[in-house]
Structures are given as C-alpha cells and as structure tokens.
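Here are the chains, one letter per residue:
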Amino acid sequence: MTNQSPILAVADLSVDLGGRSILRDVSFDLYPGQLCALIGENGAGKTTLLRTLLGLITQRAGTVLIGAAPAREHRELVGYVPQKINFDPDLPLRTRDLVRLGLDGQRLGLPFFNGRTRHVVDQALQAVGAEDFADQRVGELSGGQQQRAVIAHALVRKPRLLILDEPLANLDFGSANALVDLLGRLIVQQQMTVLVTAHDMNPLIPVMDRLVYLVDGRAATGTVAEVVQAEVLSKLYGYPVSVLHHGGRILVLPDAPENADVANMNRCAGHGV
Amino acid sequence: MFAFLSSQPVQTALIVGSCAALVSALIGVFTVLRGNAFAGHALADVSSAGGAASFLWGISPLLGFLGMAWIAAFGMEFLGVRKARERDLATGIVLGAGLGLSALFLYLDVTTTSTTGAAVSVMFGSLFAISQGLIWPAILAVLAVFLLVGLFYRPLILTAVDPDLATLRGVSPRWMGLLQLLVLGLAVAVCALAIGAVLATALLIGPAGAAIRLSRRPAQAIFWAMMIALTAVWSGIWMAYESYYWFSGNAWPVSFFVVVLIFLFYLLAMFGSSWQHKYRRRGITSLRRLQEP
C-alpha cells in the first residue's frame, strides 16, 4: 500500500481562527482504500481540520495535498458529508433530487430529464441502500436515512476521498452499525478512501485502518495499536491517562485524581474516548 | 358572466395581475425554501416608499417600486446576513427605515401634488386603475425573472438546501443570495403594482407556501404555486368586478378578494397535506401487508 502515493497528505498544518490557535503541527497521510478516523472531544479541532482539508478555511502554515495537488484545486476528488443538515419536513425535494444536485447542482439551465444522469443517480442511491426512499421527501426521512441520502449526494460524482463529519452522532446503535458497515462496503466496492470524525472511536474500530487522535489542536497519528497507548496519549493530553481494553472496546481515562489536576479531569470526564 | 372581459381596465388588470401571479409564485417558492419570507415581506413594504416617490416625481410606479426594492435588497445584504438572527435584524432595520421614507413621501404626495388616493393605491393596490402603458414593462420584468431563475435554477436550489454543500460544488452562497434578492426585487415591484406594496407579501408567500406543502419536487411546487396564484388573481378580479352589483354600486377592492382567496387556498393546502400524510402512511403499511407472504 505504501508504494502508492497518498490521496491525502497533511504536513505540519497549523490553523488560527479569530487570532486563536486551533490546530498545531498536524501531520498525517492517507492512502487509497484506507479508512481513517479523526477522534477528538468537542472543541479539539476536528471540524476545523475538515474545513481546512476542504479548502473552506486557509491555514497559517503547512500544506494539504489532495491527489498530490493543493486542496482547492482538487475539490472534485472529495465528497463531503456535513454533520447535520436540518431538512424541513415540507421541503419539496425527493432523495433522488438531492442526489442529482450533487452531480449537476452547479450547472446553469434547467435540469431536464436525462437517462444517463438518472442511471448515475440510481447507482449512487443503490450504493448507500437508499432505493426504498428515493422518491420520498428528504425531510420525511429518519436521521439515518437522511444521512444515507447526503452520502449518496457526496458519492454521485465518484470522488476518491469521502469525508464525513460526525456521521455517528445523532444515530441510534442500529443505524450507527449500519452506517459503519456501509463505509466498509464503500471502501471495497467503490475503491473509496474515507476520513471520518467521531468523538468515540469504538464503533469504528472494526473498519478503521488509521487513527488521528486530536487533543487541543495537536495530533497523534498511526494505527490504533500505535496511537492508543498510555504513553502516547498521556504525552498528548499533558497529564497521565490509562487505556483500558474490554471485550474489544477501548476506554481512555485520566489517572486517579492525586496524579492529575482537577481542571483537566473535568475536561476529560464524560467523553468515551 | 364573461361580459366583464370586454372592459379595457379589466383586460389590463388581468394581464398585469397574471404577471404578478406568475412571477411571485416562481420567486415565492425559492423565498420560502430559503426561509426568507421575512426579507420578502420587508422588500415589499419598503418598495412602498418608491411607489410613493413615483407619484411625487412623476415617474413610472413600476420603476419606483423596483428602485426602492433594490436599494433595500443591497442594504440588507450590506448590513450583514451571515447568521439567521443577524439577517432578521438587518431586515428589520432596513424595513423600519424604508417605511419611514414611505411615510414622508406619502405625506408630500398629499400636500404637494393633486394626486388623490396615492396612499391607498401604493399600499393596497388598485388593479383596475393601472395605466395601459405599464403592461409591457410588467411583462419585461416577468421575462427577466424567468430568464434569471431558469439560468441559475440548480445553484439556487442547492444553496437553499445547504450553503456548505453549494460552496463545495463551486457555487457561492453569497452571490446566489444577492441574485435571489435582486430577482425578488423585480417580483415585488410587479406584485406591489398589482395588489399594493403591503399586500404583495400575500401573493409572494401564500401560493408558494401552499404549493410546497403539496409537492415533492421543486418544479412541481413552482407549477402549483403558479396555478394557485393565477386562480386567486383571476377570481379576485372577477369578484371585484361583480361586487359592484352585489353591494349596490360599491365595488370592493380587487386586492381584498385576492388576499382572501390566497388565505383560503393556504388553509386548504394545510388540511390537504395533513390528510395526504395520513393517507400515504396508511397506503405504505397496507402495501407492506400485501407483500408479506
């Protein structure tokens, strides 16, 4: 796999927003066919990192290369699924229409019927298992179905890299598992590379090849075994943490209070990472 | 019943009214989709200042309405529209300033010109009193709106669905927002001319709001909005004409009938869509039952 060139190469990336430093010296590579999870608490900089990769934010230092070219020049290689779109239940837009907008939403003129376009849209709907609700209004779908619809919208142009922002948040366990299966399938069937953010790594462990663990804008990257170790994460958090394994699940916890200061404890508490 | 069609003011009213119905239905759907109904209402209200000024300076009322609506559109865009709350704030501030101007111009109309009824016809419209010379400008405005919306149809819908998705497809939400406000200004001007600046909102939002509840595709929503708006305007014109006989020589204003009909259509659509939901859900479950072995 390493003899291929990376689809995404991030090197020494630093980003400031409103005078505040959000990301510091983040580096990682992503190779075709991999699934990379970007793990971190709220406010760790996950969304900022994604928006920088998409060229929506300009970095202070460092480089982002997509397919060996600067991010902005290769937007068409990237499909993006934002965290949550609030579709009004009355929005007169079928799932199929939303997917078609992913294909030709930037074009001028009216969207006349076109057999080839319809075929490409059907393929994208099929890839995410959305055929059953293709002709329903997007606003009437469940959260999990809406997410599939938006993924189909991102997939329809056949991007090489699919980026999803917190796709597992707001989903029940069943829908979350189904989504993880879907991501695994996309990688195999569509030769896709996937970058997905989450605050909990556990649901993604079965399908994840690499991990970028973000704490306060700094990152540790590698495989799960390389990154999720007490020494690596303690250094990243700046205070001692333990890594507990139980039945294939992983829990990262700060060490007992006498070893860590209370303020840091509170920040870490309640996040199942 | 069709004798009224031979009257020349009725013919003008039908043409200008149809222009207003078509253009407001089209733009209305995008305005409602984007959650921009308040901005639409504000543009219409503020355009009244232009209508009032046109009496004062002797220019075409259509140009007056349009000029003021565009100034207001730029004002709102300039004052900041990033967050929904800021957008409402900017809209409200422009609305207040515009109506103040309107008050001044209407006052000057009454005190310095011999115009009578300027206030009523600017604010609430007088479709039977529109001069024939405004027919072609109104038709041109409608063509311009259809051309622009037809050209930017997909980017406008994509922006209405989600600005971030639009940006990633290379569509600038900022430019689309400005385009929409400019086209909205054209629509508002034709509507204000037909049924008055204050009531233009009804034609802009009502048919679109009703149609959206009944449709599953944007094009379908636009079609039904046009049908509802045309029906309301044509029936309103007919009823106002006939009301001369109903109320022994005191004809009621067209605008009143149009607005009441739109309101009724909206209520019908509301009940219709909740009935449709119930029916559809039942339809799906009974279908499942059939498919089970």
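What follows covers the overall build of chain A. Secondary structure assignment for chain A yields 8 helices and 12 strands. Its C-alpha atoms give chain A a radius of gyration of 20 Å, within 12% of the compact-globule value 19 Å for 273 residues. Overall, the C-alpha framework of chain A stretches about 65 × 40 × 40 Å when taken along its three principal axes. Buried positions account for 39% of the 273 residues belonging to chain A. Look at the contacts in chain A between residues 6 or more apart in sequence, and 63% of them connect residues 24 or more apart.

Moving on to the packing of helix H1 (residues 8-33) of chain B against helix H9 (residues 173-195) of chain B. All names here are of chain B. Following both chains from N to C, one finds H1 and H9 inclined at 145°, their axes separated by 9 Å at the closest point. For the pair H1 and H9, the sense of crossing is left-handed. Residues Val16, Gly17, Cys19, Ala20, Val23, Ser24, Ile27, Phe30 and Thr31 of H1 pack against Gln180, Val183, Leu184, Ala187, Val190, Cys191, Leu193, Ala194 and Ile195 of H9. Looking at the contact of H1 with H9, its residues break down into 14 nonpolar, 4 polar and no charged.

With that settled, the discussion passes to the interface of chain A and chain B. Contacts between the two partners involve 23 residues from chain A and, on the opposite side, 25 residues from chain B. Taken together, the residues of the side of chain A that touches chain B break down into 13 nonpolar, 3 polar and 7 charged.

Turning our eyes to something else, we now look at helix H2 (residues 37-57) of chain B. All names here are of chain B. Spanning 21 residues, H2 covers 31 Å between terminal C-alpha atoms, matching the ideal 30 Å at 1.5 Å per step. With 17 of 21 residues buried, H2 is to be regarded as a mostly interior element. A positive phi of about 70° marks Gly58, the residue just after H2.

Below, the discussion takes up the pairing of strand S8 (residues 193-198) of chain A. Regular strands place side chains that alternate from one sheet face to the opposite one. Residue and element names in this part refer to chain A. Among the 6 residues of S8, 6 are classified as buried, and the element is accordingly described as predominantly covered. Of the two faces of S8, the one lined by Thr193, Leu195 and Thr197 and the one lined by Val194, Val196 and Ala198 are each fully buried. Two elements, strand S7 (residues 161-164) and S8, share 4 bridges in a ladder whose sense is parallel. If you follow Leu162 over to S8, its bridge partner there is Val194. In this fold, the crossover linking S7 to S8 by way of helix H5 (residues 173-189) has right-handed handedness.

Let us look at the domain arrangement of chain A. Residues and elements named next belong to chain A. The assigned domain composition of chain A is domain 1 (8-227) and domain 2 (228-273). With 12 residues of domain 1 at the contact, the number on the domain 2 side is 11 residues. Contributions of two or more residues to the side of domain 1 that touches domain 2 are made by strand S9 (210-215), strand S10 (218-222) and helix H6 (224-227). Looking at the side of domain 1 that touches domain 2 residue by residue, the classes come out as 7 nonpolar, 2 polar and 3 charged.

So, how was this worked out
Residues numbered from 1 in each chain as written. Chains lettered and ligands numbered in written order. Predicted model: local features only at pLDDT ≥ 70, side-chain atom pairs only at ≥ 80, totals over all residues. Helix = DSSP H or I, 4+ residues; strand = E, 2+ residues; numbered from the N terminus. Rg over C-alpha atoms; globule rule 2.2 N^0.38 Å. Buried ≥ 20, exposed ≤ 12 C-beta atoms within 10 Å, placed from the backbone. Contact = placed C-beta atoms within 7 Å. Axes fitted to C-alpha atoms, helices over the stretch in contact; angles between N-to-C directions. Left-handed = near helix turned anticlockwise from the far one by under 90°. Nonpolar A, V, L, I, M, F, W, Y, C, P; charged D, E, K, R; others polar. Expected span 1.5 Å × (residues − 1). Pairing = 2+ DSSP bridges. Right-handed = clockwise from strand over helix to strand, strands pointing away. Domains from an automatic or database assignment.

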